[in-house]
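One letter stands for each residue in the lines below.
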Amino acid sequence: MADVLSGVESPADVRALPEDALPGLCEALREAIITTCGRVGGHLGASLGAVELIVALHRVFHTPQDALLFDVGHQAYAHKLLTGRRDRMHTLRQADGIAPFLDPRESHHDALAAGHACTAISAALGLLSGRRQLGHTGHVVAVVGDGALTGGLSFEGLNNAGGSPLPLVVVLNDNQMSISANVGAIPALLRTRNARAFFESLGFTYLGPVDGHDLGALTRALREAKASSRPVVVHALTKKGRGFPPAEADEQTRGHAMGPYEWRDGKLVRSRGGRPTFSEAFAQVLGDALERDPRVVAVTPAMLEGSALTGLKERFPDRVHDVGIAEQHAVTFCAGLAAAGAKPVCVIYSTFLQRAYDQVVHDVCLPGLPVVFAVDRAGLVGADGATHQGAYDVSFLRPLPGLTQWAPVVGEDLEPMLATALQASGPSVLRFPRGTLPDLPPELAQGDTEAQGSSSPGQPAHDTRAGAAGAMGSAASRLAPAALPMPGARWLKRVAGSRLTLVTLGPLGLSALEAARSEPDWSVLDARRAWPLDEAALLEAAAGGHVVVAEEGTTRGGLGSAVLELYAACGVSPRVTLLGMPDVFLPHGDARVQRTQLGLDAAGLRRAGRALLGEEHR
């Protein structure tokens, strides 16, 4: 079977194969996907479910003359394997390796970059319209997972395409799941006879439903669609995780993002992380808030698993809402909840909050509603790459009047920050990174921040090494009442007559502490908020004449920009260096390596401070 795949270097080779070789090709593709994800991890389930569909697409359509757009690239590993990337698939999601999603810079068979859902129909219609306007031939196919039909942009595209004379082909890969089971009325409708009437009422010819694992049926339907002179939907029923028993048995996600793993003695052995993540720690403190206050409600746009909310959904089924891949709706739904007197917490990735910016501005901040945004995956995200980096949330949220932006250094910060945000009369953001909770440094583990020169009363801190339950379970209950609402900036190290201050946001405070331990005349200030700033603490930092501001986000409009604005407004002019994510879309790779490359580790911060002081070679 592997021999069949080894002879395929391009889609032309797929079309040249005899019919009786195709089942073996599909089996070899599945084996390659399972092996690759076992070694390096990846989006396994959706790609396993789309194997026959992708083989049939490449039998009928001729890329790149015909364009295939995938919504999203989760389902497209077979496409990568058939388009000249087989020998490099072992580099999937690794630095300088194969991209996690689709990327035209990687292959001319990838028509458009695709990392966020719901974009394919609109993009495909635009591509087809542009080609026709410029006199180009060729077909355009949008391969859309049914999860994308929980998002509004897909319906905007369907509305426009259904009223167009252009022969757009929409292939609906219906496996009844996005990451987990789809929610709402549309997924249920798709598995009834009303699916035909639904698409035909929008102006599409409807073909299906077709067995998405029957190559013959798929090929016949796709050829009929290719011959159509008007918009057409091919409705294919597939099974996410097909061909890999552990994925098929995973009822929650059907192996959405399994790996790395290996087989031992006939059993699947998966790599396990030993430490709790920021997402898990936040879910625990959110669960405590749900337990204490019946007004608290959690909302997430199809990220129950990613944001560790599945347990909360089981405990509070009527107060934890998965609204589908519908970020705009999620934010405005929260606005309505807040207007009714509830306390909504919108748990959303930084990259996905970008998709709902107008709703944040118009529906939440303009009326000043007390919505809490728990912004997960803020900063570098590693293997998911450019489409998912959490680079811009501080920058695009900071200008919004009345919006407070918090960032924890350690897990113990989460509960008092959430409690403060839930007490607030206006909107708040609590941003935290992807990754595991750090060890509590001795400076905070002492539980005496005044001894470190805090400008505000501190709170007791507790060692995270006891695990998420022990470390996070009752942090707020051990805080002195004065710690809520949480104060502004916190001195992690405060030196009389300091020559330089490292100002940081979030866990970078720990790297700054490490950098400053060998520098007796350096101070470290945890800004704690990106906005509003603690002006008194930052002006004290400026008094030393040298300030390094470090953040895991873009430096354009971020915390560093805010600090410079403050200094300009106050007429002070210390020498300032800004460190953060550069003015490029950072690719996939190891986030720890990328931090080092960007100078956001302890050594980099020390270098930046010494350079600012003119002591580079010390």
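This write-up is about the structure you can find in this document. (Residues numbered from 1 in each chain as written. Predicted model: local features only at pLDDT ≥ 70, side-chain atom pairs only at ≥ 80, totals over all residues. Heavy atoms only, no water.)

So, on to the sheet that holds strand β15 (residues 500–504). Here 5 strands make up an open sheet; going across it, the order is β14-β16-β15-β18-β19 and the pairing mixed. The outermost strands of the open sheet, each flanked by one partner alone, are β14 (490–493) and β19 (575–581). Averaged over all adjacent pairs, the angle separating strand axes in this sheet is 25°, with direction ignored. Alignment of β14 against strand β16 (residues 522–526), held across 3 bridges, turns out to be antiparallel. When the sheet's bridge partners are listed, Lys493 is paired in β16 with Val524. Where helix α22 (residues 508–516) meets the sheet, it contacts β14, β15, β16 and β18 (546–554), and its direction lies at approximately 170° from that of β16. Where helix α26 (residues 602–612) meets the sheet, its contacts fall on β15, β16, β18 and β19, and the angle it forms with β18 comes to roughly 145°. (Pairing = 2+ DSSP bridges. Helix = DSSP H or I, 4+ residues; strand = E, 2+ residues; numbered from the N terminus. Axes fitted to C-alpha atoms, helices over the stretch in contact; angles between N-to-C directions. Contact = heavy atoms within 4.5 Å.)

With that settled, the discussion passes to the pattern of salt bridges. When their charged atoms lie close together, side chains carrying opposite charge are able to pair. One pass over the structure, following the stated rule, counts 30 salt bridges. For the salt bridge of Glu327 with Arg355, the shortest nitrogen-to-oxygen distance reads 3.0 Å. A residue pair is termed long-range when its members are at least 10 positions apart, and Glu327 in helix α15 (residues 327–339) and Arg355 in the loop between α16 (350–353) and α17 (357–365) qualify at 28 residues. Take Glu327: its relative accessible area is 5%, and that puts it in the buried class. Overall, Arg355 belongs to the partly exposed group, its relative accessible area being 21%. The residue Asp413 makes a salt bridge to Arg490 at a minimum N-O spacing of 2.8 Å. (Salt bridge = Lys/Arg side-chain N within 4 Å of Asp/Glu carboxyl O. Buried < 20%, exposed > 50% of the residue type's maximum accessible area, 1.4 Å probe, protein only.)

With 55 residues, the main nonpolar core has Leu25, Leu29, Ile33, Val55, Leu57 and Leu82 as its most contacted residues. With 10 residues, the top contributor of residues to this core is helix α3 (residues 22–40). Dropping the residues within four chain positions of it, Leu29 is found in contact with Leu5, Val51, Val55, Ala78, Leu81 and Leu82. Counting residues in each nonpolar core, the second largest holds 30 residues, with Ala117, Cys118, Ala120 and Leu158 among its members. (Core = buried A, V, L, I, M, F, W, Y, C linked by side-chain atoms within 4.5 Å.)

A few words on the packing of helix α5 (residues 51–60) against helix α11 (residues 215–226). Between α5 and α11, whose axes approach to 9 Å, the crossing angle comes to 45°. Comparing the axis directions of α5 and α11 gives the class oblique. Note on packing geometry: the crossing formed by α5 with α11 is right-handed. Of the residues in α11, those touching α5 at Glu52, Leu53, Val55, Ala56, Leu57 and Val60 are Leu215, Leu218, Thr219, Leu222, Arg223 and Lys226. Looking at side-chain class alone, the contact of α5 with α11 contains 8 nonpolar, 1 polar and 3 charged residues. (Parallel < 35°, antiparallel > 145°, perpendicular 65-115°, else oblique. Left-handed = near helix turned anticlockwise from the far one by under 90°. Nonpolar A, V, L, I, M, F, W, Y, C, P; charged D, E, K, R; others polar.)

Turning to the packing of helix α23 (residues 535–542) against helix α24 (residues 559–570), a few remarks are in order. At a minimum axis distance of 11 Å, the contact between α23 and α24 shows a crossing angle of 80°. Between α23 and α24, the interaxial angle falls into the category roughly perpendicular. Only Val563, Leu566, Tyr567 and Cys570 of α24 make contact with α23, whose side of the interface consists of Glu535, Leu538, Leu539, Ala541 and Ala542.

This paragraph deals with unusual backbone geometry. Residue Pro64 is reached from Thr63 by a cis peptide bond, and omega for that bond is 5°. Here Pro64 shows up in the loop between α5 and β1 (67–71). Omega for the bond connecting Asp71 with Val72 falls within 30 degrees of zero, at -5°, which places this linkage in the cis form. The residue Ala302 is not glycine, and still its phi comes out positive at about 65°. Within the fold, Ala302 resides in the loop between β8 (296–300) and α14 (310–315). With phi around 55°, Arg377 is a residue other than glycine that occupies positive phi space. Among the structural elements, Arg377 can be located in the loop between β11 (372–376) and α18 (393–397). Residue Arg377 is classed as buried on the basis of its relative accessible area, which comes to 13%.

The sheet built from 5 strands is open, its strands ordered β1-β2-β3-β5-β4 with parallel pairing. Each having just a single partner strand, β1 and β4 (205–211) make up the two edges of the open sheet. Adjacent strand axes in the sheet meet at a mean angle of 15°, parallel and antiparallel pairs treated alike. Note: strand β2 (residues 140–145) against strand β3 (residues 169–174), 5 bridges, orientation parallel. When the sheet's bridge partners are listed, Gly145 is paired in β3 with Asn173.

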